[in-house]
Protein chains: 2
Amino acid sequence: MGEEVKVFGYWASPYSYRAELALKLKGVSYEYINEDIFGNKSDLLLKYNPVHKKVPVLLHNGKPIVESLVILEYIEETWKHNPYLPQDPYDKATARFWIKFIDEKCFPTLWLAAWSAENEREKVTNEACEYLKTLESALNGKKFFGGETIGMVDIVASSVGYFIRVTQEIMGQNLLSADKFPQLFQWSEDFANCSIVKESLPPRDKLLPFVKGLIAKYQQDNAKA
Amino acid sequence: MGEEVKVFGYWASPYSYRAELALKLKGVSYEYINEDIFGNKSDLLLKYNPVHKKVPVLLHNGKPIVESLVILEYIEETWKHNPYLPQDPYDKATARFWIKFIDEKCFPTLWLAAWSAENEREKVTNEACEYLKTLESALNGKKFFGGETIGMVDIVASSVGYFIRVTQEIMGQNLLSADKFPQLFQWSEDFANCSIVKESLPPRDKLLPFVKGLIAKYQQDNAKA
């Protein structure tokens, strides 16, 4: 079709991963441009996302779309095959509710639980566990949040199921254990074992040292503040 | 059609106002239930929104939908007449970008600028002005963010254009002046003067003392923390 589809991302970003996984689920070919987000952001990134100056940016036939959740909705509406959102408005609203819950509550709180100062960690960790308990209830016996196949909730939950699990491993935390959250644990295993997910996730042995460095940086910046 | 449509809201909440305005723009009749959110939340509110325990809740034929932005998308998809989101996926993505920007950046920062401690206020106020500058660029000569008529961006921006203007008046701030942001100022005038908006906004003389009390409460809680 001669379409131009590009993703400006960062290899370890759970946010740009969302955009990439969505395109892969749709079978849409794209060119990936890895941005130097901790060093020099490219002129193109700043041009395409002047407000937030962040990855991911999806470029479709010259037009930029930014913010990972906005990008996911755009991909779903533009390439209608292999839908990852339900068609029914109520089911769609339910999916959007969980997406917002993961993005605004679970993921930031779990990330905070990893690097926050010791005197705050217990409180944040308890909060994170409450969120995980609530999130587990959304699985309700299903294999994926989307049912039998990966849906948009699963795409967004990869930030918790993969990126946070790596983070937890580094910090010797084990909030997402089979013991505490059997359904969520099984989901994160099943999700990471889907061939399309497996072949596209940032490799564990490369992600581990990167996240370790990131946590050290956050802790240092926080101690200074 | 024998449809049951109820909104559990709070009369002064910019979030439940969004749900109400959306239904009014669609011409959908609904029953409004005012919740005592600062005292005793009703059993129904807790049943319908067990995760966040917040207004607004839209109840449609017995099914609850929560989170104002999720509710707006649901209303748009359920009652397709008088659309308030563009049909084109790219234009829709652009609208969703601004909605997120208002909801996550402009509104919370402007609210913070109103009640934050004096030593922080200047920094927060400057940040808020930068956001307003960016938001003004989205108008780009149009009467409304949605063009000639009110769109979903306008519905969400009512939190800034009306609720924050009242807040600013109380605090003797004037960030949204005709002088500083002529387009945004004109928009907020035009918006508040639309008959459907005018007749549904919480009355100014009732809102002023309420917000004044709320600011005092926030300042007190903040001083204690």
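Residues numbered from 1 in each chain as written. Chains lettered and ligands numbered in written order. Predicted model: local features only at pLDDT ≥ 70, side-chain atom pairs only at ≥ 80, totals over all residues. Heavy atoms only, no water.

Considerations on the packing of helix 1 (residues 14–26) of chain B against helix 3 (residues 68–78) of chain B
All names here are of chain B.
Right, so step 1: At a minimum axis distance of 9 Å, the contact between helix 1 and helix 3 shows a crossing angle of 10°. Of the possible angle classes, the one that applies to helix 1 and helix 3 is roughly parallel. Residues Tyr15, Arg18, Ala19, Ala22, Leu23 and Lys26 of helix 1 form the contact with helix 3, whose own contacting residues are Ser68, Leu69, Ile71, Leu72, Ile75 and Glu76. (Axes fitted to C-alpha atoms, helices over the stretch in contact; angles between N-to-C directions. Helix = DSSP H or I, 4+ residues; strand = E, 2+ residues; numbered from the N terminus. Parallel < 35°, antiparallel > 145°, perpendicular 65-115°, else oblique. Contact = heavy atoms within 4.5 Å.)

Examining the sheet that holds strand 4 (residues 63–66) of chain B
Residue and element names in this part refer to chain B.
Right, so step 1: Here 4 strands make up an open sheet; going across it, the order is 2-1-3-4 and the pairing mixed. Two strands bound the open sheet, and with one partner strand each, they are strand 2 (31–34) and strand 4. The sheet shows a mean angle of 20° between the axes of neighbouring strands, direction not considered.
Right, so step 2: Inspection of the sheet shows strand 1 (residues 5–9) paired to strand 3 (residues 57–60) by 4 bridges, in the antiparallel sense. The residue bridging Val7 from the neighbouring strand is Leu58, located in strand 3.
Right, so step 3: Seen against the sheet, helix 1 touches strand 1, strand 2 and strand 3 and runs at an angle of roughly 155° to strand 1. (Pairing = 2+ DSSP bridges.)

Things to note about the side chain of Thr167 of chain A
Right, so step 1: Following the sequence through the fold, Thr167 of chain A ends up in helix 6 (residues 152–171).
Right, so step 2: Not counting residues up to four positions away in its chain, the partners in contact with Thr167 of chain A are Trp111, Ala114, Val211 and Ile215 of chain A.

Some thoughts on helix 7 (residues 182–193) of chain A
Right, so step 1: Spanning 12 residues, helix 7 of chain A covers 17 Å between terminal C-alpha atoms, matching the ideal 16 Å at 1.5 Å per step.
Right, so step 2: Each element contacted by the buried residues of helix 7 of chain A is listed here: helix 1 (14–26), helix 5 (118–139), helix 6 and helix 8 (195–198) of chain A. (Expected span 1.5 Å × (residues − 1).)

Quick notes on the pattern of salt bridges
Right, so step 1: Scanning all chains against the criterion turns up 23 salt bridges over all chains.
Right, so step 2: Arg18 of chain A serves as the salt-bridge partner of Asp103 of chain A, at 2.8 Å between the closest nitrogen and oxygen. One end of the pair, Asp103 of chain A, is in helix 4 (residues 89–115); the other, Arg18 of chain A, is in helix 1, with 85 residues separating them in the sequence.
Right, so step 3: On the accessibility criterion, Asp103 of chain A (14% relative accessible area) is buried.
Right, so step 4: Judged by its relative accessible area of 0%, Arg18 of chain A falls in the buried class.
Right, so step 5: Members of the salt-bridge network, linked through shared partners, are Glu73, Glu77, Lys92 and Arg96 of chain A together with Glu73, Glu77, Lys92 and Arg96 of chain B. (Salt bridge = Lys/Arg side-chain N within 4 Å of Asp/Glu carboxyl O. Buried < 20%, exposed > 50% of the residue type's maximum accessible area, 1.4 Å probe, protein only.)

So, unusual backbone geometry
Right, so step 1: Put simply, Val55 of chain A and Pro56 of chain A share a cis peptide bond, and its omega is 0°.
Right, so step 2: Looking at the element boundaries, Pro56 of chain A is found in the loop between helix 2 (43–48) and strand 3 (57–60).
Right, so step 3: With a phi close to 55°, Lys53 of chain A is a non-glycine residue in the positive phi region.
Right, so step 4: Inspection of the secondary structure puts Lys53 of chain A in the loop between helix 2 and strand 3.
Right, so step 5: Using a relative accessible area of 39% as the deciding quantity, one classes Lys53 of chain A as partly exposed.
Right, so step 6: Positioned with a positive phi, Asn61 of chain B is a non-glycine residue whose angle comes to about 50°.
Right, so step 7: Tracing the backbone shows Asn61 of chain B in the loop between strand 3 and strand 4.

Here we look at the relation of the copies chain A and chain B
Right, so step 1: In screw terms, the move from chain A to chain B is a rotation of 180° and a rise of 0.0 Å along the axis, fitting with an RMSD of 0.0 Å. Here the copies are linked by what is in effect a two-fold axis. Ranked by how close their C-alpha atoms come to the rotation axis, the residues of chain A are headed by Glu104 of chain A, at 5.2 Å.
Right, so step 2: Take the interface residues of chain A: 100% of them recur as interface residues in chain B, which is what a same-surface contact looks like. (Least-squares fit on C-alpha atoms with pLDDT ≥ 70 in both.)

Looking at the domain arrangement of chain A
Accessible area lost when the parts come together is the quantity often used to give the size of an interface.
Residues and elements named next belong to chain A.
Right, so step 1: When its domains are assigned, chain A resolves into domain 1 (5–78) and domain 2 (89–224).
Right, so step 2: Distance between the C-alpha centres of domain 1 and domain 2: 21 Å.
Right, so step 3: Taken together, the 16 residues of domain 1 in the interface contact 21 residues of domain 2.
Right, so step 4: Between domain 1 and domain 2 lies a buried interface of about 1,800 Å² when both sides are counted; carbon and sulfur atoms form 76% of it.
Right, so step 5: Broken down residue by residue, the surface that domain 1 buries against domain 2 is led by Trp11, Tyr17 and Arg18, which jointly contribute 36%. (Domains from an automatic or database assignment. Buried area = accessible area lost by both parts, 1.4 Å probe.)

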